[in-house]
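Each chain is listed here by its residues.
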Amino acid sequence: MATAKQETAAKKTAAKETKAGTGIHAPVQPSPELGAIVGNDRLPRSEVISKVWAYIKGNDLQNPENKREILADENLKKVFGRDKVTMFEMNKYISQHVKA
């Protein structure tokens, strides 16, 4: 017979497995334009956002006077369709470049 600890561990494992394939953890396919920044492999949406932020910071694309504003280079212009966006708008444009 399973102990209470074993049952709790089994429930946590089942919950993690359920979460792993849904929401922000669901793997998505980046468009070719977004793939130039994050790679072309399927990856969780959360990792897409992390890689975009790493790209922005690595290429010093935040407005130094207003860190909430992102100044797009040629690659990001293809994703955002604009020269600059706020960090709050960024997810809206990225979501147009991923498929479930």
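Whatever comes next refers back to the structure up there.
These lines cover the structure that appears in this document, whether it is placed above or below. No experiment lies behind these values; they were computed from the predicted model shown. (Residues numbered from 1 in each chain as written. Predicted model: local features only at pLDDT ≥ 70, side-chain atom pairs only at ≥ 80, totals over all residues. Heavy atoms only, no water.)

1. Overview of the overall build of the chain
And step 1. The helix and strand tally for the chain stands at five helices and six strands.
And step 2. Taken from the N to the C terminus, the helices and strands of the chain come in the order α-β-α-β-α-β-β-α-β-α-β.
And step 3. By element, 53% of the accessible surface of the chain is carried by carbon and sulfur atoms, the whole surface being about 6,800 Å². (Helix = DSSP H or I, 4+ residues; strand = E, 2+ residues; numbered from the N terminus. Areas by Shrake-Rupley, 256 points an atom, 1.4 Å probe, with all protein chains shown as cover.)

2. Looking at the environment of G23
And step 1. With respect to the helices and strands, G23 occurs in the loop between α1 (4-20) and β1 (27-30).
And step 2. Along the primary structure G23 and R45 are separated by 22 residues, whereas in three dimensions their C-alpha atoms are 8.1 Å apart.

3. Things to note about the pattern of salt bridges
And step 1. Tallied over the entire structure, the rule returns four salt bridges.
And step 2. Between E89 and R82 there is a salt bridge, with its nearest N and O atoms 3.4 Å apart.
And step 3. On the basis of relative accessible area, E89 is assigned to the partly exposed category, the value being 24%.
And step 4. Each of E74, K77 and D83 takes part in salt bridges that share partners, so that together they form one network. (Salt bridge = Lys/Arg side-chain N within 4 Å of Asp/Glu carboxyl O. Buried < 20%, exposed > 50% of the residue type's maximum accessible area, 1.4 Å probe, protein only.)

4. Brief notes about the sheet that holds strand β2 (residues 43-44)
And step 1. Spatially, three strands are ordered β2-β1-β6 in an open sheet, and the strand pairing comes out antiparallel. The sheet is open, and its two edges are formed by β2 and β6 (98-99), each paired on a single side. (Pairing = 2+ DSSP bridges.)

5. Some points on the nonpolar core
And step 1. Membership of the largest hydrophobic core comes to 22 residues, with the highest contact counts inside it found for V52, L76, F80, M90 and I94.
And step 2. Mapped onto this core, the elements with two or more residues apiece are α2 (32-38), α3 (45-58), α4 (74-80) and α5 (90-95).
And step 3. In this structure F80 touches I70, A72, V85, M90, Y93 and I94, once residues within four positions along its chain are discounted. (Core = buried A, V, L, I, M, F, W, Y, C linked by side-chain atoms within 4.5 Å. Contact = heavy atoms within 4.5 Å.)

6. Describing the pairing of strand β4 (residues 66-71)
And step 1. Here strand β3 (residues 62-63) pairs with β4 via two bridges, running antiparallel. Bridge pairing links N63 to N66 in β4.

7. Concerning the side chain of Q62
And step 1. Tracing the sequence through the fold places Q62 in strand β3.
And step 2. Its relative accessible area of 17% is what places Q62 among the buried residues.
And step 3. A polar contact of 2.7 Å, which involves the side chain of Q62, links it to the backbone oxygen of K67.
And step 4. Ignoring any residue separated from it by four or fewer positions in sequence, one finds Q62 in contact with W53, I56, K57, K67 and E69. (Polar contact = N/O pair within 3.5 Å; in protein donor to acceptor, adjacent residues only side chain to side chain.)

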